[in-house]
Amino acid sequence: SLYMTRYSSFAEWEKDNALQAKNPTLSADVERASIADGELLEEVDSAVYTFDEDLSFQPHNDIENHHFYQVFAFHVRPGHEKEWHEVVKMVKAAHEKAADGAHWGMYRLMFGGEGGTYIMFTAYNSLADLDSNPESDMRAHDSMSEENWKKVMKLYSEAVQSTRRELFSINPRQSYPPEEWVKAD
C-alpha cells in the first residue's frame, strides 16, 4: 500500500500537523488506527519527496480524475546527478518531438531514504490507458537519432544504479478525497 499526502510547502505541512495535534478526537482515532495496523504490518516506511519541475514532463495536476498510478523509482549513483538530468532532458525532448501524450511528475527524495532517489508518477483514468505506453515509448525512441539514443543509453547506464516499477490503484475505502472530487467522479 502507498499512502500519499500532498502539500504545497513545508509550512503547509507544519500547519496541518498543528491542526491535527490540536484535535484530541482525531489524535485518538489516529492512535487507535496505528495500534490496530501495527499488529498486521511487518514494515512501514515513511519518506518526503519534493516535486522537481525540471525533471517532470506535462504533469497532470488533476489527480482527482485518476484511478491508477504507475510509479517508477530510480536510484542515481552518487556523483552522477548531471548525467541523470541530461538523460531526462533528452527523453523529455524525444517525447515532445513525438507528441505522444506522455506525461509524468518527477519527485526527488528529501527525507527518509537513500540519497539520489527519484520517483516518477504517471496517472491514468483506467488500466486501458496503459495499453498506449509501449507505442508512446516507441514513438519517442523513433523521434531520436541513433546517435542520441546511444547517448541516452550510455548516460542512463552511468547514472542509474537501480530502478523499480509499481502499479497502484486507488482504493476508495482507504482514501479521503475532498467531497468535490467524489461528486465530480
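Attention here is on the structure that accompanies the text. For clarity, every value in this text was computed on a predicted model and none was experimentally measured.

Cut-offs and rules
- Residues numbered from 1 in each chain as written.
- Predicted model: local features only at pLDDT ≥ 70, side-chain atom pairs only at ≥ 80, totals over all residues.
- Heavy atoms only, no water.
- Helix = DSSP H or I, 4+ residues; strand = E, 2+ residues; numbered from the N terminus.
- Axes fitted to C-alpha atoms, helices over the stretch in contact; angles between N-to-C directions.
- Left-handed = near helix turned anticlockwise from the far one by under 90°.
- Contact = heavy atoms within 4.5 Å.
- Phe/Tyr/Trp six-rings, centres within 6.5 Å; stacked < 30°, edge-to-face > 60°.
- Buried < 20%, exposed > 50% of the residue type's maximum accessible area, 1.4 Å probe, protein only.
- Core = buried A, V, L, I, M, F, W, Y, C linked by side-chain atoms within 4.5 Å.
- Pairing = 2+ DSSP bridges.
- Parallel < 35°, antiparallel > 145°, perpendicular 65-115°, else oblique.
- Nonpolar A, V, L, I, M, F, W, Y, C, P; charged D, E, K, R; others polar.

Turning next to the environment of Asn148. Checked against the element boundaries, Asn148 lands in helix 5 (residues 146-159). Taking the C-alpha atoms as reference points, Asn148 and Ala98, 50 residues apart in sequence, are found 14 Å from one another.

Two elements in contact, helix 3 (residues 81-98) and helix 5, have axes separated by 9 Å at closest approach and are oriented at 145°. Taken as a pair, helix 3 and helix 5 cross one another with a handedness that is left-handed. The residues of helix 5 that touch helix 3, namely those facing Glu83, Trp84, Glu86, Val87, Met90 and Val91, are Asn148, Lys151, Val152, Leu155, Tyr156, Glu158 and Ala159.

On inspection of all chains with the given rule, the structure shows 10 aromatic pairs. Ring centres 6.2 Å apart and planes at 15° place the aromatic pair Phe72 and Phe74 in the stacked group. Judged by relative accessible area, which is 10%, Phe74 ranks as buried. Members of the aromatic cluster, each reached through a chain of ring pairs, are Tyr7, Phe10, Trp13 and Phe111.

Moving on: the nonpolar core. Formed by 14 residues in total, the largest nonpolar core has its most connected members in Leu55, Phe74, Trp84, Trp104, Met106, Tyr118 and Met120. Mapped onto this core, the elements with two or more residues apiece are strand 2 (68-76), helix 3 and strand 4 (117-124). Counting residues per element, this core draws most heavily on strand 2, which supplies three residues. Core analysis: the next-biggest nonpolar cluster, separate from the first, contains seven residues, Ala94, Ala140, Met144 and Leu155 among them.

Pairing between sheet strands relies on hydrogen bonds along the backbone, with the strands arranged either parallel or antiparallel. With respect to topology, five strands assemble into an open sheet ordered 1-3-4-2-5, the strand pairing being antiparallel. The sheet terminates laterally at strand 1 (48-51) and strand 5 (160-169), the two strands that pair on one side only. For this sheet, the mean inter-axis angle between neighbouring strands, taken without regard to orientation, is 30°. Where strand 2 and strand 4 come together, eight bridges link them in antiparallel fashion. Residue Phe74 lies in a different strand from strand 4, and its bridge partner there is Tyr118. Relative to the sheet, helix 5 contacts strand 2 and strand 5, its axis offset from that of strand 5 by approximately 95°.

On to the packing of helix 3 against helix 4 (residues 133-142). Between two packed helices, the angle of one axis relative to the other and the distance separating the axes together describe the packing. Taken N-terminus to C-terminus, the directions of helix 3 and helix 4 make an angle of 100°; their axes are 8 Å apart at the nearest point. Considering the angle they form, helix 3 stands roughly perpendicular to helix 4. Between helix 3, through Ala94, His95 and Ala98, and helix 4, the contact on the second element is made entirely by Ser136, Asp137, Arg139 and Ala140. Residues that form the contact of helix 3 with helix 4 fall into these classes: three nonpolar, two polar and two charged.

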